[in-house]
Amino acid sequence: MDFNDTPDQAKFRATCREWLEENAELKENKSRGHLETSLEEHLKTAKTWQQKKYDAGWAMLHWPKEYGGIEASPIERIIWGQEEAKFNVPGGIFEIGLGMCGPVMMQYASDEQKDRYLAPMAKGKEIWCQLFSEPAAGSDVAGLRSKAEKDGDDWIINGQKVWTSGAHYSDFGILVVRHDPDLAKHKGLTFFFVDMKSPGITVKPIKQITGQAGSGSGFNEVYFDDVRIPDSQRLGEIGDGWKVAITTLMNERLAVGDAKGSDIEEALILSKSKDDAGEALIKNDSVRERLADWFCEANGLKYTKFRTISALSKGEAPGPEASITKIVSANKLQAIGNFGIDSGDMAGMLIDEDDGVSSFQGAWLGAPGLRIAGGTDEILRNVIAERVLGLPQDPRADKGLAFKDIPTKA
Amino acid sequence: MNLDFSDDQKYLQDEARKFFDKEGGLSNARNVMDNAQEADQDLWKKIVELGWTGIRVPEAYEGLGLGHLELCVIAEELGRSLAPVPFSSSVYFFTEALIKFASEDIKLDLLPKLVSGEVVGTYAIAEDMHQATESNLNVAVASDKLSGTKIAVPDAGMASHMVVVVKSSTGTDLRLVDLADASITVTPQKNLDTSRAFFKVEFQDTPSKLIGNAGEGWSNIQHLLDQAAVLFAFEQVGGSQSALDMAKAYSMERFAFGRQIGSYQAIKHKLADMYIAVTLAKSNCYYGAWALSSESSELPLAAATARVSATKAFQLCSKENIQTHGGNGFTWEYDCHLFYKRSKVLSVLLGSEATWKEKLVTNLEKTNTLVKG
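Thresholds applied
Residues numbered from 1 in each chain as written. Chains lettered and ligands numbered in written order. Predicted model: local features only at pLDDT ≥ 70, side-chain atom pairs only at ≥ 80, totals over all residues. Helix = DSSP H or I, 4+ residues; strand = E, 2+ residues; numbered from the N terminus. Rg over C-alpha atoms; globule rule 2.2 N^0.38 Å. Buried ≥ 20, exposed ≤ 12 C-beta atoms within 10 Å, placed from the backbone. Contact = placed C-beta atoms within 7 Å. Domains from an automatic or database assignment. Axes fitted to C-alpha atoms, helices over the stretch in contact; angles between N-to-C directions. Parallel < 35°, antiparallel > 145°, perpendicular 65-115°, else oblique. Nonpolar A, V, L, I, M, F, W, Y, C, P; charged D, E, K, R; others polar. Pairing = 2+ DSSP bridges. Expected span 1.5 Å × (residues − 1). pLDDT = per-residue confidence, 0-100. Core = buried A, V, L, I, M, F, W, Y, C linked by C-beta atoms within 7 Å.

Undergrad: I would appreciate a short explanation of the overall build of chain A in the present structure.
TA: Assigned secondary structure in chain A consists of eleven helices and eight strands. Relative to the 2.2 N^0.38 estimate, which gives 22 Å for 410 residues, the radius of gyration of chain A is 23 Å and therefore close to what a compact globule would have. Here chain A, with 410 residues, has 38% of them falling under the buried criterion. Sequence separation of at least 24 residues holds for 70% of the intrachain contacts in chain A that already meet a minimum separation of 6.

Undergrad: Would you take a moment to explain the domain arrangement of chain B for this structure?
TA: Interfaces are frequently sized by the accessible area removed from exposure as the parts join. Residues and elements named next belong to chain B. We note that the domain assignment places domain 1 (7-116), domain 2 (121-215) and domain 3 (218-366) within chain B. For domain 1 and domain 2, the distance between their C-alpha centroids amounts to 22 Å. Taken residue by residue, the interface counts 20 residues in domain 1 and 19 residues in domain 2. Per element, the largest residue contribution to the side of domain 1 that touches domain 2 is seven residues, and it comes from helix 5 (residues 87-101).

Undergrad: Looking at this structure, I do not really get the packing of helix 8 (residues 285-313) of chain A against helix 11 (residues 353-366) of chain B. What am I missing?
TA: Axis angle and axis distance: for two packed helices, these are the angle between their axes and the distance between the axes, and together they describe the pair. Put simply, helix 8 of chain A and helix 11 of chain B touch, their axes get as near as 9 Å, and they point 85° apart. Between helix 8 of chain A and helix 11 of chain B, the interaxial angle falls into the category roughly perpendicular. Contacts from A:Arg288, A:Glu289, A:Leu291, A:Ala292 and A:Phe295 in helix 8 of chain A reach B:Lys357, B:Glu358, B:Leu360, B:Val361 and B:Leu364 in helix 11 of chain B. By residue class, the composition of the contact of helix 8 of chain A with helix 11 of chain B is six nonpolar, no polar and four charged.

Undergrad: Got a minute to help me understand the pairing of strand 4 (residues 172-178) of chain A in this structure?
TA: A regular strand places its side chains so that they alternate between the two faces of the sheet. All names here are of chain A. Of all the seven residues making up strand 4, seven are buried; the element is thus mostly covered by neighbouring parts of the structure. Pairing analysis gives four bridges linking strand 1 (residues 128-131) to strand 4, with the strands arranged parallel. Bridged to cysteine 129 within strand 4 is glycine 173. As paired elements, strand 4 and strand 5 (residues 189-195) share seven bridges and run antiparallel to each other. Along strand 5, the bridge assignment pairs phenylalanine 172 with aspartate 195.

Undergrad: Any chance you could explain the interface of chain B and chain A here in plain terms?
TA: Listed by partner, the interface residues are 42 residues for chain B and 43 residues for chain A. Listing elements by their share of the side of chain B that touches chain A, those giving two or more residues are helix 7 (217-253), strand 10 (259-260), helix 8 (265-293), helix 9 (299-324) and helix 11 of chain B. With 16 residues, the top contributor of residues to the side of chain B that touches chain A is helix 8 of chain B. Taken together, the residues of the side of chain B that touches chain A sort by class into 20 nonpolar, 14 polar and eight charged.

Undergrad: Sorry, what's going on with the domain arrangement of chain A here?
TA: Domain assignment breaks chain A into domain 1 (7-91), domain 2 (128-252) and domain 3 (257-374). Look at where the C-alpha atoms of domain 1 of chain A and domain 2 of chain A centre, and you get two points 30 Å apart.

Undergrad: Is there a simple way to explain helix 9 of chain B in this structure?
TA: Counting along an α-helix, one turn takes 3.6 residues, and residues three or four places apart therefore face a common direction. All names here are of chain B. The end-to-end C-alpha distance of helix 9, which contains 26 residues, comes to 36 Å, matching closely the 38 Å that a straight helix rising 1.5 Å per residue would cover. Along helix 9, 24 of the 26 residues are buried, which leaves the element largely enclosed by surrounding structure. One or two steps after helix 9, the chain reaches glycine 326, where phi turns positive at roughly 55°.

Undergrad: It is not clear to me how the confidence of the model for chain B should be interpreted in this structure. Could you clarify?
TA: Close inspection of predicted coordinates is inappropriate in any region flagged by low pLDDT. The predicted model of chain B averages 96 in pLDDT, with 98% of residues at 70 or higher. Overall fold confidence (pTM) sits at 0.94, and the ipTM for the predicted complex is 0.95.

Undergrad: Teacher, can you tell me more about the nonpolar core here?
TA: Nonpolar side chains in soluble globular proteins generally cluster together in the buried interior. Among the nonpolar cores identified, the biggest contains 211 residues, and B:Ala97, B:Val163, B:Ala229, B:Val230, B:Leu271 and B:Cys285 are the most heavily contacted of them. Excluding anything up to four places from it in sequence, B:Leu271 contacts A:Ala385, A:Leu389, A:Leu391, B:Leu244, B:Ala247, B:Lys248 and B:Ser251.

Next up, the structure:
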């Protein structure tokens, strides 16, 4: 039992490290990633960095060489990720494309399409988004209603998608739609990829509870109004849309993972700092108890991740333990944000004129979204219960019904 | 990165699990409870024969000379089966106290006998209805003789020897006593988990031998407690997993309103929360196991983290296992209460959850440990 790399892993880490040191700057402190910049500026720096990574083989290192990868093992991907995270590099733009759209294209697209799309995706020249959720289909995403009708060699798409991260700057998207409402819910779905510049697509940023809209990787509504997609852009068979979507969702759970933001270190630093009267919060027993609880959670997640990495390191399939990560970290983030605000007592609610929301305020505002995105707390508990523990599925009121006959209101 | 047990250690754990299953699993704890015994003597004899009491004893003293990690995997299986034996008292505490702090003479005398089962050891800390501290100890030593009363001493009926934490002229000492001495009175104390036995132990001019340096008993006992906390945490994780398994099995076979109760989200989410608690606790235990086996300076923090996390997990899993069983869970007949009671006793045996949370935060104040992975 140790935390050391094998000689091969150490060598690989050194190679990553050497390249990063030549091409990026080490983070000076761990607290803030990037300064506030405009979206255009951020996109530009992110694309430049991605291209640089691609040229050196780091962009999609686990991919085959023909698509710009170096056929790296899972543990090497993790080592690269650990090292890159120590450097001040732009993020938040390509995760969905590379983490979710890439694997689907790799598995289902034709060779010709792979040649056309995968490299520009990996280089950051073309950005991809994922179009699944709809206003009436969130946790029950297979209940989506956007429709596809065959017209010659094309499909005509009508409907609305929602919660599409980055749709406002994406070039392409993966899309699941209903081709036949007479079939049962999961059977009537078909999967496509779509050019986001197609006529008939309208993207509207969603104003979130944070007050932000269209900033960074913000969420959007995407409207489809008689949008034409050639049949050649279908991924999987007609009616296999759910099967293809599930592949993507599995990748999403891996991609979402940890809730980033205020954690136990920040809570500790805050608790240890003295106020004007020379009192530190950490002297308060109720604060001490909460710090202990959060440390147990944060530390438990850290070593859960290490157990997963250990399995990968030995070439074994990791156990299901990583399934707890998002539930625990998003709730912890919310609690710590709340604690940070409360620590200011009456002034805790005030937003600094110059600095804007504090990291604790940001955590508290953002955490409700994290408890929903990529599977709500409730859906994730179902997933743990059904897939990890093997409990039976809920009986479903819509089972066996044609989609058009499924009740939608009381 | 290798935060995992070796293949040999996993094999040992597998063997231990098969052994406890073959020996009757939970029925041993139930028998001890129903027959008001102190422990399952037969099970204990077999454990000794397997050599597990000598896992950590160096070969020079006739032990197996293995490490703490082997002890961790055994602990998890003891916890899973709620084994009613003095293993924790004798192995996690007494044997470790001798290995770490005893003189060569004492080691040569007692360690081989611990391996062979001729000697069973235990430890005495508590004296009253509060946390023992260096300043509130009343049991004292003068001219090597002990006087005073210890309570909640595990396994003192079966044990032949004991390490006692006492007040001395130079501070605190650890003292070794032979329980056969006529000056000692051992009286059983009723407790919540009657599959384990606890005793009041009164000393009256009882002869004793110093273990470790005079005056250093308090820091020595803290170290032993930290070590034991990791091992107890593995027991707690084993018990948690076992309670979760039991709840899961019942939720699959019990029907209500025409369906398996495990198909209701009220039950699913309860069991998912139990799984989350066990997973966090287990990962914290691995951290503890690493700190213990590598003699890391992080042991006090790692031990407290494993301890608090595992205490929470076992208490959650054992109480929600009863809840999942509904009325059946409240009967003597079903095994749910065995977990509930053991989880409570384990949660206070080394000091309460609050005590260990305090240790955890005190260590966080001292170190500037960053937890980001």
